[in-house]
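Structural characterization, general
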Number of protein chains: 2
Amino acid sequence: MLLNLLKPKFLLFAALFSVGFAANAIAQDPYHNQRQDWLKKAEDNKPQLSETDKYPVGLVKLEKDATAFQGWKASTVDSAGKLYNSSFKNQSGVIVDFGEHLTGYLTFTLKALKGTPDAPVRLKFTVGEVPSELALPFDPYKGELSRAWLQDEIVTVTTIPSPVTIPRRLAGRYVKIELLGTSSNFDFAIGSLEFKATTAVTAKPPLLASTTPKLIADIDRVGLNTLKECMQTVYEDGPKRDRRLWIGDLYLESLANQYSYQNNALTKRCFYLLAGLSDNDGILISNVFENPEPHAQAGSRLLDYCFLFNVALNEYVKATDDKQTGLDLWPVAKKQLDIARKYAGKDGMMDYIKAGKEWWVFFDWKDGLDKQASLQGITLYTLNQTYELAKLLGKEGDVSDIPALAKKLKSAAYKNLYNPKSGLFVSGANRQISYASQAWMVLSGVASKAQAQTALKAVTTVKDAVHPGAPYLYHYYVAALIESDLKNEAKEAVQNYWGGMVKKGADTFWEVYDPNDELKSPYGFYPVNSYCHAWSCTPVYFIRKYPEIFQR
Amino acid sequence: MLLNLLKPKFLLFAALFSVGFAANAIAQDPYHNQRQDWLKKAEDNKPQLSETDKYPVGLVKLEKDATAFQGWKASTVDSAGKLYNSSFKNQSGVIVDFGEHLTGYLTFTLKALKGTPDAPVRLKFTVGEVPSELALPFDPYKGELSRAWLQDEIVTVTTIPSPVTIPRRLAGRYVKIELLGTSSNFDFAIGSLEFKATTAVTAKPPLLASTTPKLIADIDRVGLNTLKECMQTVYEDGPKRDRRLWIGDLYLESLANQYSYQNNALTKRCFYLLAGLSDNDGILISNVFENPEPHAQAGSRLLDYCFLFNVALNEYVKATDDKQTGLDLWPVAKKQLDIARKYAGKDGMMDYIKAGKEWWVFFDWKDGLDKQASLQGITLYTLNQTYELAKLLGKEGDVSDIPALAKKLKSAAYKNLYNPKSGLFVSGANRQISYASQAWMVLSGVASKAQAQTALKAVTTVKDAVHPGAPYLYHYYVAALIESDLKNEAKEAVQNYWGGMVKKGADTFWEVYDPNDELKSPYGFYPVNSYCHAWSCTPVYFIRKYPEIFQR
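As the structure is a computational prediction, the values presented were derived from the model and not from experiment.

1. Topic: the sheet that holds strand β12 (residues 295-296) of chain A
Residues and elements named next belong to chain A. Taken together, the three strands give an open sheet; going across it, the order is β10-β11-β12, and neighbouring strands pair in antiparallel fashion. Either end of the sheet is taken by a strand with one partner, and the two such strands are β10 (245-246) and β12. Note that strand β11 (residues 287-289) and β12 share two bridges and pair antiparallel. Within β12, the residue paired with Val-288 across the bridge is Ala-296.

Structure follows, in structure tokens:
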């Protein structure tokens, strides 16, 4: 997900908020005793990754091509055999194509062709998910994220033909290999090159109906690949970057997984890991790391993601009937509701200004998006989903105030955020109209079906409406279309947006995609974008959950 | 040793010569049955390396200083503690000083100072034996040897604080660490940095006499360090470069070892390894590699080194009384004499022109050196030493032609290469006067003691005399001075030449050293020179074998 939003001011406010919670005596580490138990359950459910050896399928060259994605086209120029059969000295800069996106470890050997190797060989490997990563120079680096995310590794080979494995895990489809140093006394070729590809996926997903349109089948295939690549020992957001568990990605991945690979243990593991690493006051941290030991990104409290934990847990318990996990983690879900209680005003409106100062409130990669309506919507949605979970678990008594609070928020939203004249939901002092606001107002149930249809249709005609910035919000938009029974519109949105990536050659779905600006990057340098990103995988969920819409 | 002389033409001639030997039916792989046995004995004598953890002793800065070696001075600016106690973001480019030359593996950890590490860190480590390696940019690389010899390694650290070990073995005293990429969301420091230093040396050498002059004691200390660093699982020529066993280096190292660390197993191992990897016709290959399995540098036949195997073996058997090894390897020594027989003309002169076309004939790193006299001298020296070995082993009957051949070579040398008028030995059609020719004529016994003294004194006064190009030939020059009883001159040569390196701050003795040209490099780029080189370690041998000259 995003890194550069985690600015000191957020850390500061999060810390203050945390202190505030403690001072309010809501609870002093209410989970202290359970933490170790949760982390142990997370460990117990850690998947054994499957490992598959993958080999190059061809050699490609990159060409500038204005019609290709980001202006770079990769065309096959040779079979992979050329790599092994002729001097590497004449092949420096070769780009090897593995034919699909892979995540794992790259191993190679060199073999002498002539003479005895009498000096080390210096090679540079650059791994790319998309051609532009191999076409553009990385230095001098202008991006905002760590330069080290870019996957260029320099290797000194001291023994030939011993195998060398690049220590870092890599993700991508293409591998450029450059020769930076060798001796004139011998010649050599690449002896072997293989990618040990890892994933937590072991099952095959059900087949789609034979009536499924080609484009939808392609979108499903690319979505499945995206999900598979992100399913490692946690649901990662992206195997190239950031390589870790974020609650927002977990939610979308677990939905897609439920309708495809059905690795429930992985979902369960992620819930327990997040619970075990929640803040001392019981509030969840937005993202966690597994190594060298499980730990959270201290201070990274993201409001909407706390809520989505509850939503994801409810979906999981409903789908699996695993009430034991639901009961184990119920205290965590219950705790997140304090956020709603804290910011819900007497008028039933969430104090989005105060929340925005004290939290990282996300919703989308979109500068200028007003988040009042989205916050109101997700809060209401979360209250409803959590109450549904309470009922499933027989815990309504724990949250008996919630139905009334939800009712209050709903009325207030309708009163303050709905413009009956335009049929659109608005947000903030400037009454901004955005896809985000319509989507969350629909999902929250504020809008009736008729109102929802009107709003979702109308927003597409508003000139200045704030469009989604990334696939993540597109998910909620499509979900809202489906919720409103706008089947054709939902199908079209999936076909246009994710289908657009497919048509542009995506092997996996991208973290950021603006059909009108392929070079868009939240980080100032688009090759550092993730091009295999969990939050973009949800067409798998839509296509498979709603066959009547997508598979015909 | 040298790499760029190993040009195709040498390989070609070596191959032709090899075929010639076979055609002459001298023998068709006479060692076929013994090879595996020899290699097994080499393996049986492989030392268990000692490993010692070494830590930084300070931080240094480099300054341009015309009076410092190669123009760069390293001055301590901080204690090592600063590295660990403050942000590395403000220390990029820091140079860590380990206080001594080390060979082994570098391990480090990073530790977070602020925030949670949320991105990989990209670091560049550059290891240098001398300051110039850290001061000069390596790229664009203009040297003739592989760029990969230079010790700059780029490392991506994906997990903090897990330890990272740079896979490549490194050699040097200084480590520059540069930050190439990190995230603005956290801060970090170097948590630890250690060099796991390896050597085959386990014994302490005897103390020098208390009367030993300070400069001589310093030369001995630096020589011992040089030898220790080069003693790994073979006698390496240099731990930075070329990291392998060359016969010429083995000879000098085994001499120095005999008077210091006395690791006889290592000497024995190297003899067996060379024997086991000799060419199919029984001729030795000049250099061999240990990994991934023992193998020779195919085609690299170096005439003078074949002879020095015999000399080294004789010295070893004399010093250790290990006749079993002498007898085991006698067939190899005997075989090398065929080279003398082949090129010795009826007139008793070695056909140096033919030999020079068919072999790599080395003697020194010196362009323009005429090698006639040196070849005549080393051949005679080898015949005498080998016959001495034969007598020790009771094998005179195998080489009964040798005394007569030696006598013939000696007379011819005296007749053709000695100028009684000048008292100097000359070499080649142009009657070149060089240190090399005087040294080898003295060592061979062609000159009487009086003639030797005259020649060795006279050469220093000849304006155009060809001086030694590297420490390797300096060894033979000093040996000749001692042999001629020119004690003061021997001591002065050691004090001036090796003492010159000591005074310039050498931690270990250099591969190449011209007091008048510190930037000299046989490879077109002096940072790729080896600054810890086995063939420069022999003051240890001289100082300890001849205490009456050096230790008072």
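2. Re the pairing of strand β1 (residues 50-54) of chain B
Each regular strand carries side chains that alternate between the two faces of the sheet. Residue and element names in this part refer to chain B. Among the five residues of β1, zero are classified as buried, and the element is accordingly described as predominantly exposed. One ladder, built from five bridges, connects β1 with strand β9 (residues 187-199); its direction is antiparallel. Its bridge partner being in β9, Thr-52 is matched across the sheet by Ala-197.

3. So, the relation of the copies chain A and chain B
Overlaying chain A on chain B yields an RMSD of 0.0 Å, the required transformation being a rotation through 180 degrees with an accompanying axial translation of 0.0 Å. Interpreted geometrically, this transformation is the action of a two-fold axis. Residue Ile154(A) of chain A places its C-alpha closer to the rotation axis than any other residue of that unit, at 3.1 Å. Both copies present the same face, since 100% of the interface residues in chain A are matched by interface residues at the equivalent positions in chain B.

4. Considering the domain arrangement of chain A
Each domain of chain A was delimited in the assignment, giving domain 1 (8-49 + 201-550) and domain 2 (51-199). Counting residues at the interface gives 24 residues for domain 1 of chain A, matched by 23 residues for domain 2 of chain A.

5. Points about the packing of helix α7 (residues 264-276) of chain A against helix α9 (residues 323-343) of chain A
Residues and elements named next belong to chain A. One way to put it is that α7 packs onto α9 with a least axis distance of 10 Å and a crossing angle of 30 degrees. Relative to α9, α7 is oriented roughly parallel. Handedness of the crossing formed by α7 with α9: left-handed. On the side of α7, the interface is formed by Lys-268, Phe-271 and Ala-275, while α9 contributes Thr-325, Leu-329 and Val-332. For the contact of α7 with α9, the per-class residue count stands at four nonpolar, one polar and one charged.

6. Focus: the interface of chain A and chain B
At the interface, 33 residues of chain A touch 33 residues of chain B. Within the residue set of the side of chain A that touches chain B, elements represented by two or more residues are β5 (121-128), β6 (152-157) and β8 (170-181) of chain A. Ranked by residues supplied to the side of chain A that touches chain B, first place goes to β6(A) with three residues. Looking at side-chain class alone, the side of chain A that touches chain B contains 14 nonpolar, 13 polar and six charged residues.

7. A look at helix α14 (residues 449-459) of chain A
Residue and element names in this part refer to chain A. Taken together, the buried positions of α14 are occupied by Ala-452, Ala-455, Leu-456 and Val-459. Buried positions in α14, seen along its axis, are confined to an arc of 90 degrees and lie on one side of it. Elements in contact with the buried residues of α14: β14 (424-425), α13 (435-443), α15 (471-483) and α16 (487-503).

8. Comments concerning unusual backbone geometry
What you tend to see is this: most non-glycine residues have negative phi, and most peptide bonds are trans. The linkage connecting Asp139(A) with the following residue, Pro140(A), adopts the cis geometry, with an omega of -5 degrees. Tracing the sequence through the fold places Pro140(A) in the loop between α4 (132-135) and β6. The phi torsion at Arg243(A) lies on the positive side, around 60 degrees, for a residue other than glycine. Inspection of the secondary structure assignment puts Arg243(A) in the loop between α5 (214-230) and β10. Positive phi, close to 70 degrees, is recorded for Asp485(B), a residue that is not glycine. Here Asp485(B) lies in the loop between α15 (471-483) and α16 (487-503). Residue Asp485(B) is classed as exposed on the basis of its 12 C-beta neighbours within 10 Å.

9. Overview of the sheet that holds strand β11 (residues 287-289) of chain B
One open sheet holds the three strands; their spatial order is β10-β11-β12 (chain B), and the pairing between them is antiparallel. Looking at the sheet topology across the chains shown, the edges are occupied by β10 (245-246) and β12 (295-296) of chain B.

10. Thoughts on the packing of helix α9 (residues 323-343) of chain B against helix α11 (residues 372-393) of chain B
For any two helices packed against each other, the geometry is given by the interaxial angle and the distance between the axes. Residues and elements named next belong to chain B. As a packed pair, α9 and α11 sit with axes 10 Å apart at the nearest point and diverge in direction by 150 degrees. Along this stretch, α9 crosses α11, giving a crossing that reads as left-handed. Mapping the contact onto sequence places Lys-323, Gly-326, Leu-327, Trp-330, Ala-333, Leu-337 and Ala-340 in α9 and Thr-379, Thr-382, Leu-383, Thr-386, Leu-389, Leu-392 and Leu-393 in α11. Within the contact of α9 with α11, the residues separate by chemical class into nine nonpolar, four polar and one charged.

11. Observations regarding the nonpolar core
Of all hydrophobic cores here, the largest spans 353 residues; its most connected members are Leu274(A), Met441(A), Tyr477(A), Leu274(B), Met441(B) and Tyr477(B). Not counting residues within four places of it along the chain, the set of residues in contact with Leu274(B) comprises Ile247(B), Leu284(B), Val288(B) and Phe309(B).

12. Some points on the confidence of the model for chain A
Parts of the prediction with low pLDDT should not have their coordinates interpreted in detail. Residues and elements named next belong to chain A. Residues with a pLDDT of 70 or more make up 95% of chain A, whose mean pLDDT is 94. Below pLDDT 50 for its whole length, residues 2-27 participates in 35 contacts with residues either more than four positions away or in separate chains. Scored by ipTM, the complex comes to 0.94, with pTM at 0.94.

13. Let's talk about the environment of Lys89(A)
Residues and elements named next belong to chain A. Structurally, Lys-89 is set in the loop between α3 (81-85) and β4 (94-114). The exposure class assigned to Lys-89 is partly exposed, which follows from the 14 C-beta atoms found within 10 Å. Considering only alpha carbons, one finds Lys-89 and Asp-187, 98 residues apart in sequence, at a separation of 7.3 Å. The contact partners of Lys-89, leaving out residues within four places of it in the chain, are Leu-179, Thr-182 and Asp-187.

14. A short note on the environment of Ser374(A)
Residue and element names in this part refer to chain A. Within the secondary structure, Ser-374 is located in helix α11 (residues 372-393). Counting along the chain gives 49 residues from Ser-374 to Gly-423, while the straight-line C-alpha distance between them is 17 Å. Apart from residues no more than four positions distant in its own chain, Ser-374 is found in contact with Phe-363, Ala-436, Ser-437 and Trp-440.

The rules behind these values
Residue positions within a chain follow its written sequence, with the count starting from 1. In the order they appear in the text, chains get letters beginning with A and ligands get numbers beginning with 1. Since the coordinates come from a predicted model, pLDDT governs what is reported: local features require at least 70, and pairs of side-chain atoms require 80 or more to be given and counted, while whole-chain, interface and lining totals use all residues. Strand pairing requires that DSSP identify at least two bridges connecting the strands. To qualify as a helix, a DSSP run of H or I must reach at least 4 residues; to qualify as a strand, a run of E must reach at least 2; elements of each kind are numbered from the N terminus. Partly exposed residues are those whose C-beta has more than 12 but fewer than 20 other C-beta atoms within 10 Å; 20 or more makes a residue buried and 12 or fewer makes it exposed, with C-beta atoms placed from the backbone. To line up the copies, we fit them by least squares on C-alpha atoms, keeping just the residues with pLDDT of at least 70 in both. Note on contacts: each residue gets a C-beta atom placed from the backbone, and two residues are in contact if those atoms are within 7 Å. Delimitation of the domains relies on an automatic or database domain assignment. For helices, the fitted axis covers only the stretch in contact; all axes are lines through C-alpha atoms, and the angles between them, taken along N-to-C directions, range from 0 to 180 degrees. Any angle from 65 to 115 degrees is called roughly perpendicular, while one under 35 is roughly parallel, one over 145 is roughly antiparallel, and all others are oblique. Note on convention: the crossing is left-handed when the near helix lies turned anticlockwise from the far helix by less than a right angle, right-handed when the turn is clockwise. In this count, Pro and Cys sit with the nonpolar residues alongside Ala, Val, Leu, Ile, Met, Phe, Trp and Tyr, while Asp, Glu, Lys and Arg are called charged and the others, Gly among them, polar. Our arc is simply the arc of the directions from the helix axis toward the C-beta atoms. By convention in this section, buried Ala, Val, Leu, Ile, Met, Phe, Trp, Tyr and Cys residues joined through C-beta atoms within 7 Å make up a nonpolar core. The predictor reports its confidence for every residue as pLDDT, a score running from 0 up to 100.

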